[in-house]
Protein chains: 2
Amino acid sequence: MSDTTNDTEKRELGQDFMPKFDAQGLLTAVVLDDSTSSPLMVAFMNEEALAATRESGIAHFYSRSRGTLWKKGETSGNVLTVKSILVDCDQDALVLRCTAAGPACHTGATSCFYRKLEGDTLFPAIS
Amino acid sequence: MSDTTNDTEKRELGQDFMPKFDAQGLLTAVVLDDSTSSPLMVAFMNEEALAATRESGIAHFYSRSRGTLWKKGETSGNVLTVKSILVDCDQDALVLRCTAAGPACHTGATSCFYRKLEGDTLFPAIS
């Protein structure tokens, strides 16, 4: 958060991967289905989760509620295989384009984004 | 973060919009281009930013660096008009499907996700 102008320029325009973790040590990861581009889920990564994801090619996150490394699909088998990683301008958010072995959502839905807001009410989203 | 089982069920399966702000009072907002589904940017919303977005139909966020409400495009004119809002299972992340009046990124790029990580190096992403 206290980058110099030079750091900012390097981070935004350079070729070096310089992931920027926030005050909680996290960055945001958005998972899109690699074939349909549909949003599947949003989660957070700390340094360990990012390293595990890059090493294994399988999405790992940091569970804010449990305070631990979380290999998505570890128990359900519904892992996310990372096909490519996009990095945003200030390198504090990633888009993971993935293929999903099964429903991405713990509710059993294909995507966590299964509802659409209309007025004050949530309706099933057609994805 | 201390929902009862009943709250969790209501939040995950119900029709009520019950946005869940984190310890910092924020939720994550992912902006997708409504026509192409390409990811444009990721930002955060506090209660005020969410209310302003819903009232105006124009994306507003909370700037973590400035600590203020941020109407995206206020100075550049590159506003994001919200076409629909998707809500995730635990209601702590939103997907805003938007039409962009101009480049979504402050660097002038169409999307903030203009680079792809390959090995340790960032390359221009073809979007």
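Please read all numbers here as calculations on a predicted model, not as lab measurements.

1. Looking at the overall build of chain A
Working step 1: When helices and strands are counted, chain A shows 2 helices and 8 strands.
Working step 2: Mapped in sequence order, the helices and strands of chain A form the string α-β-β-α-β-β-β-β-β-β.
Working step 3: The dimensions of chain A, computed from C-alpha atoms along their principal axes, are 45 × 35 × 30 Å.
Working step 4: Residues classed as buried in chain A amount to 50% of the 127 residues present.
Working step 5: Across chain A, every contact between residues at least 6 apart in sequence was considered, and the portion connecting residues at least 24 apart equals 39%.

2. Here's the deal with helix α2 (residues 47-56) of chain A
Residue and element names in this part refer to chain A.
Working step 1: For α2, the full list of buried residues reads Ala49, Leu50, Ala52 and Thr53. Relative to the axis of α2, the buried residues are bounded by an arc of 165 degrees and lie together on one face. Residues of α2 that are exposed and point more than 90 degrees away from the buried face comprise Glu47 and Glu55.
Working step 2: Buried positions along α2 lie against β2 (39-45), β3 (60-63), β4 (68-71), β5 (80-87) and β6 (93-100).

3. Here's the deal with helix α2 (residues 47-56) of chain B
Working step 1: As for α2(B), its buried residues are in contact with β2 (39-45), β3 (60-63), β4 (68-71), β5 (80-87) and β6 (93-100) of chain B.
Working step 2: Looking one or two residues past α2(B), B:Gly57 carries a phi angle of roughly 75 degrees, positive in sign.

Rules behind the numbers
Each chain carries its own residue numbering, running from 1 in the written order of its sequence. Labels follow written order: the first chain is A, the first ligand is 1, and so on. Owing to the predicted nature of the model, reporting of local features is limited to residues with pLDDT of at least 70; listing and counting of side-chain atom pairs is limited to 80 or more, with chain, interface and lining totals taken over all residues. By convention in this description, side-chain values take in all heavy atoms of the structure and omit both hydrogens and water. Numbering of helices and strands starts at the N terminus; helices are DSSP runs of H or I of at least 4 residues and strands are runs of E of at least 2. When a residue's accessible area, from a 1.4 Å probe over protein chains only, is under 20% of the maximum for its type it is buried; when over 50% it is exposed; and in between it is partly exposed. By definition, residues are in contact when any of their heavy atoms lie within 4.5 Å. By definition, the arc is the one covered by directions from the helix axis to the C-beta atoms.

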